[in-house]
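Chain by chain, the residues run as shown.
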Amino acid sequence: MTFTQQDARPELESAPGSEWWRTAVIYQIYPRSFADASGDGLGDLPGVTAHLDDLKELGVDAIWLSPFQRSPQKDAGYDVADYRDVDPIFGTLADFDAMLAGAHERGIRVIVDLVPNHSSDQHVWFQEALKAAPGSPERARYIFRDGKGENGELPPNNWESVFGGGMWKRVTEADGTPGQWYLHIFDESQPDFDWTNPEVRAEFRDILRFWLDRGVDGFRVDVAHGLIKAAGLPDFTPDPEGGSMGGDAAGVPYWGQPGVHEVWREWHEVLAEYDGDRALCAEAWLPTVAQTALWVRPDEMHQAFNFAYLETKWDAEALRDVITDSLHEYAAVGAPSTWVLSNHDVVRHASRLALTAENPQGAGIGPKSPGKPDPVKGLRRARAATSLMLALPGSSYLYQGEELGLPEVIDLPDDARQDPTWFRTNGERYGRDGCRVPIPWTADAPAYGFNDTGAAWLPQPTEWAELARDVQREDPASTLSLYRSLLAERRAHGLGAGSLEWLDGYGDDVVAFRNGPVTVIANLGDAAVDLPAGDVLVASGPLDGDTLPTDTTVWIAAA
Ligand code: NOJ
């Protein structure tokens, strides 16, 4: 079977600059860990600007910045107190404008994170809600309810926070008495908005315009599956083995409710008022690819993260299935499939692909975790996995540091950990700090060139000197060199806009397909695989004569 991204909307020619997001490789910057120009140990926007040439050299089409808006940083910026300003730890709006202009000058598009499900408890609206009376318009912007029990002393339902503990917090009313409860899917410092309230909707349309007017190319929309809660807020007990962000179970009353689609249609119209193909990308953890595709129907969002792909084990049959399913389901609604292997919420794939024990999303790995990965095997698999991913038609997301082959940092000291998951589960779940450690730029510099003071908000492992960008730049066999080759060949052969045709005959443990002039073979089995004739364009690891060793992917130009 042949799938073509272009078939999905035949009227759309992929003219340069047109609907760039259908084929783009988008690089996620986690600003606090990317580069720190101020030297305070937390990355910042001038740090991003200073490294735009490195991103150009890498060959990405766009960057997505995790939140840099004003925030008390209880959840690393996913707790926004002012949606229209830059937090001073990251710089100023002028720094943002300079970064955006610098990216655009280099032909790099910029997507910013938008967090509409909840605000910080320091947001002016929430502070007003706390001071206002039950039933007031100020409270109606959030989800306040009376408690159960004789004196309202029990939470309104049994929902459990994604970060552990209950999903409700009781407030003290203005007269000093124990009062109503408010809902927080995440930390108690992140109260959920009530998206049935037109005032909330109007406010967010205005926030979109604020950033669109500044020139951003789109938004990554946080928790896009969570905005609407089922009417009546019915009790629900999640599967304890499930991933924390949702996605494993159907029928969850706070995930994937149909009402969210109305919001995306409104937002689609706002973006359509602007020129230049602005795009919305949904962070929606849902049980199936088919359900996720509903988020990217023609009048809704433009892309959704393919978490089903990210969560697929290192198994050839499972990969063939999820790729087929994704191309099929997204094409059916006229959207490109996206692909992703790492982000700031999951164990880095250079470690995850070699774990030998189950590890639900959000749990993280630490010193006491079972099934810790063999780092050599992990990196080999990660390089093979990325080489497979970047050959697929559609758009791919990369997470900062994966181009250096960074592993998850497992042995962070307990007292360095900052993820609310760690605190809310009393250390039972390590959480996501291990994938958020500041990245190394220069082997021989303080904090490996993250800044020039040596400060780092999470400690960097000493082994990271060898993984620093300046070392890898000089080494043709490095992971950085591999990523650069993959991105250059992908662009040269138009693979993002191409089509996939499965190739048979390589055996069950092999993923093999053709995309235009390029044959891609990934060997996930133990036995070496004979290579077909043709020029090797890129290989994720050393080849063995005319054979492809285990955990290796190769791109071959047809002879
Ligand atoms: C998803 C974000 O990616 C994650 O980092 C954050 O903790 C939650 N949403 C809450 O905003």
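Residues numbered from 1 in each chain as written. Predicted model: local features only at pLDDT ≥ 70, side-chain atom pairs only at ≥ 80, totals over all residues. Heavy atoms only, no water.

## Let's talk about the domain arrangement of the protein
So, step 1. Domain boundaries in the protein define domain 1 (20-117 + 218-482) and domain 2 (124-183).
So, step 2. On the domain 2 side, the residues contacting the 20 residues of domain 1 number 17 residues.
So, step 3. Approximately 1,400 Å² of surface area, both sides summed, lies buried where domain 1 meets domain 2, with 58% of it carried by carbon and sulfur atoms.
So, step 4. Our count for the domain 1 to domain 2 interface comes out at zero salt bridges.
So, step 5. The tally of links from domain 1 across to domain 2 stands at eight residue pairs in polar contact (both at pLDDT 80 or more).
So, step 6. Looking at the side of domain 1 that touches domain 2 residue by residue, the class counts come to 10 nonpolar, four polar and six charged. (Domains from an automatic or database assignment. Contact = heavy atoms within 4.5 Å. Buried area = accessible area lost by both parts, 1.4 Å probe. Salt bridge = Lys/Arg side-chain N within 4 Å of Asp/Glu carboxyl O. Polar contact = N/O pair within 3.5 Å; in protein donor to acceptor, adjacent residues only side chain to side chain. Nonpolar A, V, L, I, M, F, W, Y, C, P; charged D, E, K, R; others polar.)

## So, the pairing of strand β3 (residues 62-65)
So, step 1. By the alternation rule, side chains of β3 split into Ala62 and Trp64 and Ile63 and Leu65, which are all buried.
So, step 2. Sheet analysis places β3 next to strand β6 (residues 109-114), joined by four bridges and oriented parallel. Directly across from Ile63, in β6, lies its bridge partner Val110. (Buried < 20%, exposed > 50% of the residue type's maximum accessible area, 1.4 Å probe, protein only. Helix = DSSP H or I, 4+ residues; strand = E, 2+ residues; numbered from the N terminus. Pairing = 2+ DSSP bridges.)

## A word on the packing of helix α4 (residues 93-105) against helix α6 (residues 198-214)
So, step 1. Interaxial distance between α4 and α6 falls to 10 Å at its minimum, and their mutual angle equals 55 degrees. In terms of axis orientation, α4 runs oblique to α6. Taking contact as the criterion, the partners of Leu93, Phe96, Asp97 and Leu100 in α4 are, on α6, Phe210, Trp211 and Arg214.
So, step 2. Counted by class, the contact of α4 with α6 contains five nonpolar, no polar and two charged residues. (Axes fitted to C-alpha atoms, helices over the stretch in contact; angles between N-to-C directions. Parallel < 35°, antiparallel > 145°, perpendicular 65-115°, else oblique.)

## A look at the packing of aromatic side chains
So, step 1. Scanning the entire structure with this criterion turns up 31 aromatic pairs.
So, step 2. Between Phe210 and Trp211 the ring centres are 5.0 Å apart and the planes differ by 85 degrees, which places this aromatic pair in the edge-to-face class.
So, step 3. Judged by relative accessible area, which is 0%, Trp211 ranks as buried.
So, step 4. By the ring-pair criterion, three or more aromatic residues cluster together here, those being Tyr83, Trp125, Phe126, Tyr142, Phe144, Tyr182, Phe193, Trp195, Phe204, Trp264 and Trp267. (Phe/Tyr/Trp six-rings, centres within 6.5 Å; stacked < 30°, edge-to-face > 60°.)

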